[in-house]
Amino acid sequence: MQYISTRGGTLGQFSDVLLEGLAPNGGLAVPETLPRLSAEDLERLRPLSYPELATEIIGLFATDIPRDDLARLTAAAYGGGKFAADEIVPLSEIGEGMTLVGLSEGPTLAFKDMAMQFLGEALEYVLEKNDRVLNVLGATSGDTGSAAEHALRGRDRVSVFMLSPQGRMSAFQRAQMYSLQDENVHNIAVEGVFDDCQNLVKRLATDLDFKRAHSLGAVNSINFGRISAQIAYYVWAWLRVTDKVAPTERADFQVSFAVPSGNFGNILSGHYAKSMGVPIRTLVLASNENNVLDEFFRTGHYRPRSAENTLATSSPSMDVSRASNLERFVFDLLGRDPERTAAAWHELEERDEIDLSGELDRFESEFGIVSGTSTHDDRIATIREFSESSGVILDPHTADGAKVARAHVEAGIPMLVLETAKPAKFADLITEALGTTVEPDADTQAMLDAPARVTNMPHDEQQLRAYINERALR
Ligand SMILES: *Cc1c(COP(=O)(O)O)cnc(C)c1O
């Protein structure tokens, strides 16, 4: 399988794009052709365990990794008791025609573990093969950084330098990162806000000499390895729902998904699953108050907002106003034409906006994507209502998904709501919604009590350079 840039040109194979999601011309890596899954293929996948299924799905994209090797990587990623549920991704009905798809059973209690655990294994494998090392440099406001650190901790050929804004994360988020005692994990708390961290990362990553000399890389949400690993749980969820359907009716049995969205990574994987032939009727995109994506899917106008115009909400992992993966969808929307895609992003640079309103009628009819916005009050009400009706406590992001999903439930078509985090991560909001406190379990308490391993640093590029220079793997 060859990879191409959304703005033209070829990029090599899976192993090549695993380290570098961004093409030199600014485009994103996408497969040259999308593989197809026939009804027979899907039936063949039915008896597989989650790691086995992941091998088959990722294997369609990672054709340069021998199948036996890939099977070892997925067994390590999704085995060893790292996920709380035996089935890795459990499904449970929550009423109103909805089923919760448990993507948050991993070590950081959020769906990013699903992709990041695989990426950690795959990165080490590829680095080993090429006798290379990688120093991952990133900025986080919470979830991405902890998922990356938990996936990369203790590895030989990878180290992590993760910048976070001093005093801006919840106690839980801080503990999840700073409690790690592994030598290859470097937590740097920067005096400033998330954007200050992000800017420091950008400055170092665009200094190509420094980047090369220190083998810097990223594991951000445009990484195609992450996107491919996420396709597996869309297939898994369809299989588990149709286990209960008569065999003769399975092939055409459709389900819909509701996806709490920020960077458009999760739902992009759903879009690929649907394009590959998984019987998905609707992909419901849920935004929070930072509803740039909802606006796009309702109007065809993509208008990213600045950091100053991005609100801090109670579903913080969706506080995104520039959806880095959207370009991959737009590439498909524009007939996979790199020239039209490049022109669209040129338009964005010139006018801070892309006008695709001419394609609006295809969003739902051809791609099955609809959208909606959920606010703080919606999320509180939704958490309360599902707690009362089914006893299930939704995390605030998942509540956004369930809220928007309600408007799109159709008779006879299960609505699968992706659970993108566990409520224990957001205890304050759960208390606001339900009036009860969420007691941490023993593991969580131990994590909260662990000594913090973190370096405080002013917002100073030279200090950061010196720090990395001293500690980077070579
Ligand atoms: C990252 C994240 C999201 C948004 O996912 P995208 O792939 O960026 O659209 C939603 N919910 C939670 C809890 C997350 O951590």
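Nothing here was measured: the structure is a model prediction, and the numbers come from that model.

1. Concerning the site of the ligand
Argument step 1. Near the ligand you find 15 residues, and of these Lys-112, Gly-262, Asn-263, Asn-266 and Thr-420 are the closest.
Argument step 2. In this structure, Lys-112 approaches the ligand through a side-chain N or O atom, which is 2.6 Å from an oxygen atom.
Argument step 3. One nitrogen or oxygen atom from the main chain of Phe-264 is found 3.1 Å from an oxygen atom belonging to the ligand.
Argument step 4. Calculation on the ligand without its partners gives an accessible area of 380 Å², and the protein chains cover 97% of this total.
Argument step 5. A breakdown of the residues in the shell around the ligand according to their chemical character gives five nonpolar, eight polar and two charged.

2. Digging into the pairing of strand S4 (residues 91–95)
Argument step 1. Pairing analysis gives four bridges linking S4 to strand S5 (residues 98–102), with the strands arranged antiparallel. Bridge pairing in S5 links Leu-91 to Val-101.
Argument step 2. Where S4 folds back onto S5 in an antiparallel hairpin, the turn is made up of two residues, including Glu-96, whose phi is positive at roughly 60 degrees.

3. Thoughts on the packing of helix H11 (residues 265–276) against helix H13 (residues 326–333)
Between two packed helices, both the angle of their axes relative to each other and the distance between the axes serve to describe the pair.
Argument step 1. Where H11 meets H13, the closest approach of the two axes is 9 Å, and the angle between their N-to-C directions is 30 degrees. In terms of orientation, H11 and H13 fall into the roughly parallel class. Taking contact as the criterion, the partners of Leu-268, His-271 and Tyr-272 in H11 are, on H13, Arg-328, Phe-329 and Asp-332.
Argument step 2. Taken together, the residues that form the contact of H11 with H13 break down as three nonpolar, one polar and two charged.

4. Focus: the pattern of salt bridges
Argument step 1. A full pass over the atoms with the stated rule returns 34 salt bridges.
Argument step 2. Notably, a salt bridge pairs Asp-332 with Arg-336, separated by 3.1 Å at the nearest N-O pair.
Argument step 3. Arg-336 gets classed as partly exposed once you look at its relative accessible area, which sits at 28%.
Argument step 4. With a shortest N-O distance of 2.6 Å, Glu-359 and Arg-362 are connected by a salt bridge.
Argument step 5. Overall, the relative accessible area of 16% leaves Glu-359 in the buried class.
Argument step 6. The network of salt bridges with shared partners includes Glu-43, Arg-46, Arg-240, Asp-243 and Arg-250.

Conventions used here
- Residues numbered from 1 in each chain as written.
- Predicted model: local features only at pLDDT ≥ 70, side-chain atom pairs only at ≥ 80, totals over all residues.
- Heavy atoms only, no water.
- Near = heavy atom within 4 Å.
- Polar contact = N/O pair within 3.5 Å; in protein donor to acceptor, adjacent residues only side chain to side chain.
- Areas by Shrake-Rupley, 256 points an atom, 1.4 Å probe, with all protein chains shown as cover.
- Nonpolar A, V, L, I, M, F, W, Y, C, P; charged D, E, K, R; others polar.
- Pairing = 2+ DSSP bridges.
- Helix = DSSP H or I, 4+ residues; strand = E, 2+ residues; numbered from the N terminus.
- Axes fitted to C-alpha atoms, helices over the stretch in contact; angles between N-to-C directions.
- Parallel < 35°, antiparallel > 145°, perpendicular 65-115°, else oblique.
- Contact = heavy atoms within 4.5 Å.
- Salt bridge = Lys/Arg side-chain N within 4 Å of Asp/Glu carboxyl O.
- Buried < 20%, exposed > 50% of the residue type's maximum accessible area, 1.4 Å probe, protein only.

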